[in-house]
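# An overview of the molecular structure
So you can see what is in the structure, the chains are spelled out below.
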Amino acid sequence: MRLKDKVALITGAGSGIGRETAVLFSAEGAAVVAVDVNEAAARETAKLLKSSIAVRADVSKAADCEKMIQEAEKAFGRLNVLFNNAGIMDSRDDDAISTDETVWDRTMDINAKGVFLGCKYGIPALRRAGGGSIVNTASFVALMGAATPQIAYTASKGAVLAMTRELAVIHARQNIRVNALCPGPLRTELLMKFLDTDAKRNRRLVHLPMGRFGEAREIAQAALWLASDESSYVTGAEFMVDGGLTAAYVTPE
Ligand code: NAD
């Protein structure tokens, strides 16, 4: 039981990486606070878990983030792990010329400000618990430049990486570790909705040495390690889980 006696809050827990991680964290002994803007989806996830509550929160809203942390402490008495995972990829996100300002603002509000707000209210709770682990979901696009244009998404994930480094340094002496998880392209709803034709999917697969998209449960395994005490000397890291994508220069046939 790698998360025995830990209380973990997961945002975006209603689907994809968040749901798989909730299931894994629960199997490893954690009490889980399943947070999602889609309340029904959060409840569906919570039903799969042993000890859990579902909370509806929009991570781009300060009041919602404050409330989700309060609910965690109210239900389980403390918070040990904060997984800032909720994110969107808007299908209208494109190159700088075509992308509407509203798409930019919404993407930054959820993907970047959402991480800031999670930390703003989550860090005091982790300090009350004597420390803890924060995992922020970034993406390989924060390091590589995207093969298909998605200017707002790419910028938002770059912000997550930069924030993670600062948070790690500033809170290191408070026994709080902060790491960024950088998934490669996954076979989840988020990406498959964006890559909605064979041509678009194949364009992305060209870059993957393994020749396949990743699975959400493969990211959950990495989140588990970063959340657990097994990674006790790891902070400020960019943890790539990408099927070799960022290592590739030329992909073998
Ligand atoms: P997903 O769409 O399956 O799940 C995302 C969840 O976040 C959904 O349940 C959604 O309702 C929730 N959500 C959206 N906006 C929210 C908000 N404002 N407040 C609270 N919850 C909100 O996506 P996923 O693939 O599991 O993605 C999870 C994270 O992983 C995201 O940050 C995404 O950017 C990142 N990521 C995904 C991929 C990929 O290929 N799927 C690759 C790299 C990074």
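First, a word on what this report is: a plain description of the structure on this page. In this text, all values refer to a predicted model and were calculated from it rather than measured experimentally.

The subject of this paragraph is the pairing of strand E3 (residues 52-56). In the sheet, strand E2 (residues 31-36) pairs with E3 via five bridges, with the strands oriented parallel. The residue bridging Val32 from the neighbouring strand is Ser52, located in E3. Following the backbone out of E2, through helix H2 (residues 39-47) and into the adjacent parallel E3, one traces a crossover that is right-handed.

Applying the stated criterion to the full structure yields one cavity of 30 Å³ or more. The computed volume of the largest cavity comes to approximately 40 Å³. Element by element, the count of residues in the lining of the largest cavity is highest for helix H4 (residues 101-128), at four residues. When its residues are assigned to classes, the lining of the largest cavity shows four nonpolar, five polar and no charged.

The subject of this paragraph is the site of the ligand. Taken together, 27 residues form the shell around the ligand, and within it Ser15, Asp36, Tyr153, Leu186 and Thr188 come nearest. Taking Ile17, its main chain carries an N or O atom lying 2.8 Å from an oxygen atom of the ligand. Contact between the ligand and Asp36: an oxygen atom at 2.6 Å from a side-chain N or O atom of the residue. When contributions to the shell around the ligand are tallied by element, the ones reaching two or more residues are helix H1 (16-27), helix H6 (151-170) and helix H7 (189-194). Looking at side-chain class alone, the shell around the ligand contains 14 nonpolar, ten polar and three charged residues.

This part takes up the layout of surface pockets. In this model, the largest pocket occupies a volume close to 970 Å³. As for the largest pocket, its lining consists of 42 residues, of which Ala86, Gly87, Ile88, Met89 and Leu190 are closest to the centre. Here the residues of the lining of the largest pocket are counted per class, giving 20 nonpolar, 14 polar and eight charged. Of all the elements in the fold, those that place two or more residues in the lining of the second largest pocket are strand E5 (132-137) and strand E6 (176-183). Along the lines of polarity and charge, the residues of the lining of the second largest pocket split into seven nonpolar, eight polar and three charged.

The subject of this paragraph is the sheet that holds E6. Across the sheet, which stays open at both edges, the seven strands sit in the order E3-E2-E1-E4-E5-E6-E7 with parallel pairing between neighbours. Both edges of this open sheet fall to E3 and strand E7 (238-241), since each of them pairs with a single strand only. Adjacent strand axes in the sheet meet at a mean angle of 20 degrees, parallel and antiparallel pairs treated alike. Pairing analysis gives six bridges linking E5 to E6, with the strands arranged parallel. Its bridge partner being in E6, Val135 is matched across the sheet by Asn179. Sheet contacts for H2: E2 and E3; angle to E3, the most-contacted strand, approximately 175 degrees. Helix H3 (residues 62-76) contacts strand E1 (7-11), E2 and E3 of the sheet and is inclined by roughly 160 degrees relative to E3.

What follows concerns the pattern of salt bridges. The full count for this structure, using the stated rule, is 16 salt bridges. A salt bridge links Arg56 to Asp64; its shortest N-O distance comes to 3.3 Å. When its relative accessible area of 32% is taken as the criterion, Arg56 is described as partly exposed. Notably, a salt bridge pairs Lys193 with Glu189, separated by 3.7 Å at the nearest N-O pair. With Lys193 and Glu189 both in helix H7 and four residues apart, this pair spans about one turn of that helix.

Conventions we followed
- Residues numbered from 1 in each chain as written.
- Predicted model: local features only at pLDDT ≥ 70, side-chain atom pairs only at ≥ 80, totals over all residues.
- Heavy atoms only, no water.
- Pairing = 2+ DSSP bridges.
- Helix = DSSP H or I, 4+ residues; strand = E, 2+ residues; numbered from the N terminus.
- Right-handed = clockwise from strand over helix to strand, strands pointing away.
- 1 Å grid on protein atoms, 1.4 Å probe; cavity = no way out; pocket = protein on both sides within 12 Å on 5 of 7 lines; lining within 4 Å.
- Points joined across faces, edges and corners; volume = space filled by probe spheres on them.
- Nonpolar A, V, L, I, M, F, W, Y, C, P; charged D, E, K, R; others polar.
- Near = heavy atom within 4 Å.
- Polar contact = N/O pair within 3.5 Å; in protein donor to acceptor, adjacent residues only side chain to side chain.
- Axes fitted to C-alpha atoms, helices over the stretch in contact; angles between N-to-C directions.
- Contact = heavy atoms within 4.5 Å.
- Salt bridge = Lys/Arg side-chain N within 4 Å of Asp/Glu carboxyl O.
- Buried < 20%, exposed > 50% of the residue type's maximum accessible area, 1.4 Å probe, protein only.

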